[in-house]
Every structure is written in structure tokens, then in C-alpha cells.
Amino acid sequence: MIKIENFKEFGFDTAVRGVRLSYKSGDKSDSFTDDFGTFHMGQKDHDLILSLSKKSDSEATPLRQIIISFDVTAPIMWWKQMDRYSVGKTQMSESTMHTLMNCPVTIEDFATDGIREKITVNASDKYYQIKYDETIKNITNTINSLINIYKELKNNVSSDPLKAEKLKEIERMVELLLPESYLQKRTITMNYTVFRHIYYDRYYKPHKMLEWQQFCEQMLDKLSYVEFIDEKVKLAEERNELLSKLGNLNIEKIHLERAVKKINEKLNEEAKDNGNH
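None of the values given here were measured: they were computed from a predicted structure. (Residues numbered from 1 in each chain as written. Predicted model: local features only at pLDDT ≥ 70, side-chain atom pairs only at ≥ 80, totals over all residues. Heavy atoms only, no water.)

What follows concerns the packing of helix α6 (residues 132-155) against helix α7 (residues 163-177). Look at α6 against α7: their axes get within 10 Å of each other, and the N-to-C directions meet at 165°. By the criterion of interaxial angle, the relationship of α6 to α7 is roughly antiparallel. The crossing of α6 and α7 is left-handed. Contact with α6, carried on its side by Ile-139, Thr-142, Ile-143, Leu-146, Ile-149, Tyr-150, Leu-153 and Lys-154, involves Lys-163, Lys-166, Leu-167, Ile-170, Glu-171, Met-173, Val-174 and Leu-177 of α7 and no other residues of that element. (Axes fitted to C-alpha atoms, helices over the stretch in contact; angles between N-to-C directions. Helix = DSSP H or I, 4+ residues; strand = E, 2+ residues; numbered from the N terminus. Parallel < 35°, antiparallel > 145°, perpendicular 65-115°, else oblique. Left-handed = near helix turned anticlockwise from the far one by under 90°. Contact = heavy atoms within 4.5 Å.)

Pairing within the open sheet is antiparallel, and its four strands lie in the order β1-β4-β8-β5. Of all the strands in the sheet, just β1 (3-10) and β5 (89-93) have a single pairing partner and so form its edges. With strand direction ignored, the average angle separating the axes of adjacent strands in the sheet is 20°. Sheet topology note: the strand β4 (residues 67-75)/strand β8 (residues 183-191) ladder contains nine bridges and is antiparallel. By the bridge assignment for β8, Phe-70 is matched with Ile-188. Strands in contact with helix α8 (residues 192-203) are β1, β4 and β8; relative to β8, the strand with the most contacts, it is inclined by about 120°. Lying over the sheet, helix α9 (residues 210-222) contacts β1 and β4, oriented at roughly 40° with respect to β1. (Pairing = 2+ DSSP bridges.)

Time to look at the environment of Lys-55. Looking at the secondary structure, you find Lys-55 in the loop between α2 (43-53) and α3 (62-65). Residue Lys-55 is classed as partly exposed on the basis of its relative accessible area of 41%. Beyond its immediate stretch of four places on either side in the chain, Lys-55 contacts Ala-60 and Arg-196. (Buried < 20%, exposed > 50% of the residue type's maximum accessible area, 1.4 Å probe, protein only.)

As a further point, take the packing of α8 against α9. For the pair α8 and α9, interaxial distance at closest approach is 10 Å and the crossing angle is 140°. The angle between the axes of α8 and α9 places the two elements in the oblique class. In the packing of α8 onto α9, the handedness of the crossing is left-handed. For the pair formed by α8 and α9, the contact residues are Phe-195, Ile-198, Tyr-199, Arg-202 and Tyr-203 on the first element and Trp-212, Gln-213, Phe-215, Cys-216, Glu-217, Met-219 and Leu-220 on the second. Its residues placed into classes, the contact of α8 with α9 shows nine nonpolar, one polar and two charged. (Nonpolar A, V, L, I, M, F, W, Y, C, P; charged D, E, K, R; others polar.)

Bringing a nonpolar patch on the surface into the picture now. Taken together, the side chains of Leu-243, Leu-246 and Leu-249 make up a nonpolar region of the molecular surface, amounting to roughly 300 Å² of accessible area. Mapped onto the elements, Leu-249 comes out in helix α10 (residues 231-276). Residue Leu-249 is classed as exposed on the basis of its relative accessible area of 52%. (Patch = residues over 30% accessible without salt bridge, like charges linked within 9 Å, V, L, I, M, F, W, Y side chains within 5 Å. Areas by Shrake-Rupley, 256 points an atom, 1.4 Å probe, with all protein chains shown as cover. Salt bridge = Lys/Arg side-chain N within 4 Å of Asp/Glu carboxyl O.)

Let us look at α7. For α7, built from 15 residues, the straight-helix expectation of 21 Å at 1.5 Å per residue is met to within 8% by its first-to-last C-alpha distance of 21 Å. Taken as a whole, α7 has its buried residues at Lys-163, Leu-167, Ile-170 and Val-174. Viewed along the axis of α7, the buried residues span an arc of 60°, placing them on a single side of the element. Structural note: α7 exposes Ala-164, Lys-168 and Leu-176 on the side pointing more than 90 degrees away from its buried face. (Expected span 1.5 Å × (residues − 1). Arc of directions from axis to C-beta.)

Applying the stated rule across the entire model yields nine salt bridges. Measuring nitrogen to oxygen at the nearest pair gives 2.8 Å for the salt bridge that ties Glu-231 to Lys-54. With Glu-231 in helix α10 and Lys-54 in the loop between α2 and α3, this residue pair connects regions lying 177 residues apart in the sequence. On the accessibility criterion, Lys-54 (55% relative accessible area) is exposed. Put simply, Lys-80 and Glu-180 hold a salt bridge, and the shortest N to O gap is 2.2 Å. Remark: Glu-180 occurs in the loop between α7 and β8 and Lys-80 occurs in helix α4 (residues 76-82); sequence separation between them is 100 residues. Here Lys-80 falls in the partly exposed class, since its relative accessible area comes to 48%. Residue Glu-180 is classed as partly exposed on the basis of its relative accessible area, which comes to 37%. What emerges from the salt-bridge pattern is a single network uniting Lys-3, Glu-5 and Lys-185.

Have a look at this one:
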């Protein structure tokens, strides 16, 4: 399960200005900022950056200047892989232990997509039924029991000299029991270059973890210039849009033909009636 929120992009003007400096062609720039402070990338500047984006990182330098910032909610198992992309990326996250001990956990706190409600397995002439919801429920019950004990001990006025140590041990138990499907939200800032690496590492060559497909597809839907990542994606979008318009035209044509047919039928009927009279 992946959820992207608060998506923002900036730095397009910096990228254009920088790429024009490289070519000493600032006079050829056709981008502008309107009276409301909104930057509009011109076609010439767009095509220049697009041509460079098809080359290696050392030449696709404008992509480093285009910054993207967003919040992501994802399971811990996905974050472990996402953390490999550390260069050119910064992030801040929820403090799992600070928040986890304050309230009970529910099945909504875990990733559950991509799994059937019940799986029947035949192994060694034995049948097993695995129900993911029940498995998660057993884990949450255990964790919530520890959280309740933790709260009671913490709020209890006690002279127990080992109280602080026991609290830490219970926190450690919860941390060890927490499955990797537990959802965590982080705020990420990266540039187009970093996402391009992710795209080709995890999506272009499909990764077996479902969350990578979800992440990349949501990102592609949100990027203003997806063609800077992979021009084929933009071309595919334009093709699908044209096919959709063509389909609508065909439907409209069918309706018009039917309407014309009905009018002709009425005209023929009226002509027959006039002939009979």
C-alpha cells in the first residue's frame, strides 16, 4: 500500500536558467513568469531539457535542479529498500515508538493489499488455510496487550526501582513484534534525477514488490513533465487520449447514423401515406 500526498514541484525556472547558461543561449529562452508569479516553460526550453534528459546523468544536469517534495505512507519493508536511495534525497519520518505506545494498533495500520482474503495450501498431503486478516489480528492483539500494560505501569505511582527499565523492555518487545507491513509516513524531498534512477531500477524492470509499482505509477501521474523521466510514458498518454477521442467520435457517429436512419424512415412513411392519398 502506497499513498502519496502533498505533492509539490519547484525549480523549473532554475533548471531553464542553468541550462541556458551552459549553452550561453539565454537570449533564445522562451520561458516566462506571469504577473501572478507562475513560471511557464517555453517549448524551446522544454525541448532542450528533453533532449538532455535522454542522455547520461552527467549531461542531464537540468533534472538535478527540478525538485519534488511529497509525503508517502508505506510499509516498513518498502522503506528499507527506499532508504538505499540516499544521495540527492532527504526525508523526515514519524517516530514509530513515540506514537505507537500512545494508542492501540488496528488492521488499518498495516498494508493488506495484494493478498487474497484466504489462501488454501496443499503441502505434503496436508491442507492449510491462511487468513491474513486473522494473522494480523493476532499480532495486533498481542501488541495492544503490551501497550496497555505499558500505560498502566507508566501511570502507576510506584516505588519500583526497575520501573524505567521495565518500560524500556516493553517498548523493545513491541518494536520486535511489529511486522514489516506496518505503515509509516515520511516527508521526502528529491529531484527528478533521483526519481529517474528509482523508475528505471524498480519500475521499468518490474520489481516483485507491489509497492514499487504503486509508487512509480502515482508519481508518474503527478509529475508535470513525465517525459523528462521517460518520453515513452508521455507518448503513451497522448496515444491513449487520442484513442479515447477517436472512440468518442465513433460513438457519436453511430448515434448520428441512427438518428439519420430514423428520420429517413419517417420521411419514407410520410411519402407512402401521401401516395396512398
